[in-house]
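# Reading the structure
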Amino acid sequence: MSINWFPGHMAIAVDKIKKAMADHDVVVEILDARCPMASSNPMVETLRLARQRPCLKVLNKADAADAAVTPQWLAQFNAQKNTHAIALSAKKPGDAQKIIGAAKKLAPHRNDTIKPLRLLVMGVPNVGKSTLINALLKQRKAKVGDEPAITKALARYELSPVVSLTDTPGLMWPKIEHPDDGLMLAASHSIGINAYIESEVAIFLADLLLARYPKLLAARYGAKEMQDGVGVIETVAAKRGFRIRGGGFDFEKAAITLLNDYRSGTLGRISLETPASRAARPAPPGRNEAASEADADSE
Ligand code: GDP
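Residues numbered from 1 in each chain as written. Predicted model: local features only at pLDDT ≥ 70, side-chain atom pairs only at ≥ 80, totals over all residues. Heavy atoms only, no water.

### Observations concerning the overall build of the chain
- Scanning the chain for helices and strands turns up twelve helices and six strands.
- A total of 299 residues make up the chain; the buried ones form 52% of that total.
- In the chain, once contacts between residues fewer than 6 apart in sequence are set aside, the share between residues at least 24 apart is 70%.
- In the form shown here, the chain has an accessible surface area of approximately 14,200 Å², with 54% of it arising from carbon and sulfur atoms. (Helix = DSSP H or I, 4+ residues; strand = E, 2+ residues; numbered from the N terminus. Buried < 20%, exposed > 50% of the residue type's maximum accessible area, 1.4 Å probe, protein only. Contact = heavy atoms within 4.5 Å. Areas by Shrake-Rupley, 256 points an atom, 1.4 Å probe, with all protein chains shown as cover.)

Okay, structure coming up:
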């Protein structure tokens, strides 16, 4: 399944962000710690590099991610030029404040009322951007919701006389190159439910969990004979007694339950990708075709 998702309001937002880049000093990119690369919008890099702005990558929801995997991502991101990465949980009191200290280090010259530090906060929908901004503002000004794309326009806040912050709408990009990235984003609720089929996303998630976190699945759903993703979802249905009229499993309901158990953290701490799993995965189908065409042309 490939997920293409670029509604008109996002194209308008990109244009606004492009202009805003000129009078901001540091891009604060909020990522989902459970899938930090899948939740990296390639447009953030393009937009910030056009203005040579440094980037603070914030791996949010670290409380829900695998504690053994997050440091691997931090090491990878911290090796990148003009980039610093931190992991935190917007829901943990005091954690959001770490963003300010880390951003200051990326633009040490912006440190007084004449040259205040101006942060531009970006991220795909549902990574916890509003929760983080609310924590920084210490009041509920940005809307929080578990539905993608609630923030619609750029909003600027003065955090102090020397630090300001601009919030941007949760932004997707026109074409997600690798289908797995779309599936991880859908599983993590960054893509509106009209753009994907829940059971397909749940089967992808179930296969991944079976390969990487079988103990978490067994602990929650209690079955031993889970062979594949479909089997996992059937096990969820059996465990919960989800049946349709006539006696078969209610696969849809079980699929949604699995997705919700992952999203809410009920299943446990899970990272959908690691630097190694990402490096090892095959290129997206389109890439293979393009590569073979290029090979054919050169023969
Ligand atoms: P936005 O679309 O990026 O502004 O995301 P929101 O701030 O609206 O948050 C989306 C969902 O993620 C909400 O259900 C939040 O409660 C949840 N959330 C935000 N930050 C965290 C976090 O650090 N940990 C966990 N577990 N959930 C979080």
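This is not the end of the story, as more comes after the structure.
### What to know about helix H1 (residues 8-20)
- Across its 13 residues, H1 extends 19 Å between first and last C-alpha, which sits within 8% of the 18 Å expected from 1.5 Å per residue.
- Turning to H1, its buried residues are Met 10, Ala 13, Val 14, Ile 17 and Ala 20. Seen end-on, H1 carries its buried residues on one side only, within an arc spanning 125°. Away from its buried face by more than 90 degrees, H1 exposes Gly 8, Ile 12, Lys 18 and Lys 19. (Expected span 1.5 Å × (residues − 1). Arc of directions from axis to C-beta.)

### Re the sheet that holds strand E5 (residues 155-160)
- Pairing within the open sheet is mixed, and its six strands lie in the order E3-E2-E1-E4-E6-E5. Two strands close off the open sheet at either side, each with one partner strand: strand E3 (83-87) and E5. Here the strands of the sheet are splayed against their neighbours by 25° on average, with no regard to which way each runs.
- One ladder, built from five bridges, connects E5 with strand E6 (residues 163-167); its direction is antiparallel. Bridging from a neighbouring strand, Ala 155 pairs with Asp 167 of E6. (Pairing = 2+ DSSP bridges. Axes fitted to C-alpha atoms, helices over the stretch in contact; angles between N-to-C directions.)

### A short note on the pairing of strand E4 (residues 117-123)
- The buried fraction of E4 is high, at seven of seven residues.
- Across the two faces of E4 the burial is the same, with Leu 117, Leu 119, Val 121 and Gly 123 and Arg 118, Leu 120 and Met 122 all buried.
- The pairing of strand E1 (residues 26-32) with E4 spans five bridges and is parallel. Following the sheet pairing, Val 27 is matched in E4 by Leu 120.
- Two strands pair when backbone bridges link them, and E4 and E6 are joined in this way by five bridges, in the parallel orientation.

### Quick notes on unusual backbone geometry
- A positive phi angle is found at Asn 82, which is not glycine, with a value near 55°.
- Along the polypeptide, Asn 82 turns up in the loop between helix H3 (70-78) and E3.
- Its identity is not glycine, yet His 189 carries a phi of approximately 70°, on the positive side.
- Along the chain, His 189 turns up in the loop between helix H6 (179-187) and helix H7 (198-212).
- On the basis of relative accessibility, which here comes to 9%, the residue His 189 falls in the buried class.

### Some points on the site of the ligand
- For the ligand, the set of nearby residues contains 16 residues, the closest of which are Asp 63, Asn 126, Lys 129, Ser 130 and Thr 131.
- At 2.8 Å, a side-chain N or O of Asp 63 approaches a nitrogen atom of the ligand.
- Taking Asn 126, its main chain carries an N or O atom lying 2.8 Å from an oxygen atom of the ligand.
- In terms of residues, the shell around the ligand owes the most to one element, helix H5 (residues 129-137), which gives three residues.
- Across the shell around the ligand, the residue classes tally to four nonpolar, seven polar and five charged. (Near = heavy atom within 4 Å. Polar contact = N/O pair within 3.5 Å; in protein donor to acceptor, adjacent residues only side chain to side chain. Nonpolar A, V, L, I, M, F, W, Y, C, P; charged D, E, K, R; others polar.)

### Description of the pattern of salt bridges
- Applying the stated rule across the entire model yields 14 salt bridges.
- For Arg 110, the salt bridge is made with Asp 25, and the minimal N-O distance between the two is 3.3 Å. In this pair, Arg 110 sits in the loop between helix H4 (98-106) and E4 while Asp 25 sits in the loop between H1 and E1, placing the two residues 85 residues apart along the sequence. For the pair Arg 110 and Asp 25, a shared accessibility class is recorded, and that class is buried.
- Linking Asp 167 and Lys 129 is a salt bridge whose minimum nitrogen-to-oxygen distance equals 2.7 Å. With a gap of 38 residues between them, Asp 167 in strand E6 and Lys 129 in helix H5 connect regions that are remote in the sequence. (Salt bridge = Lys/Arg side-chain N within 4 Å of Asp/Glu carboxyl O.)

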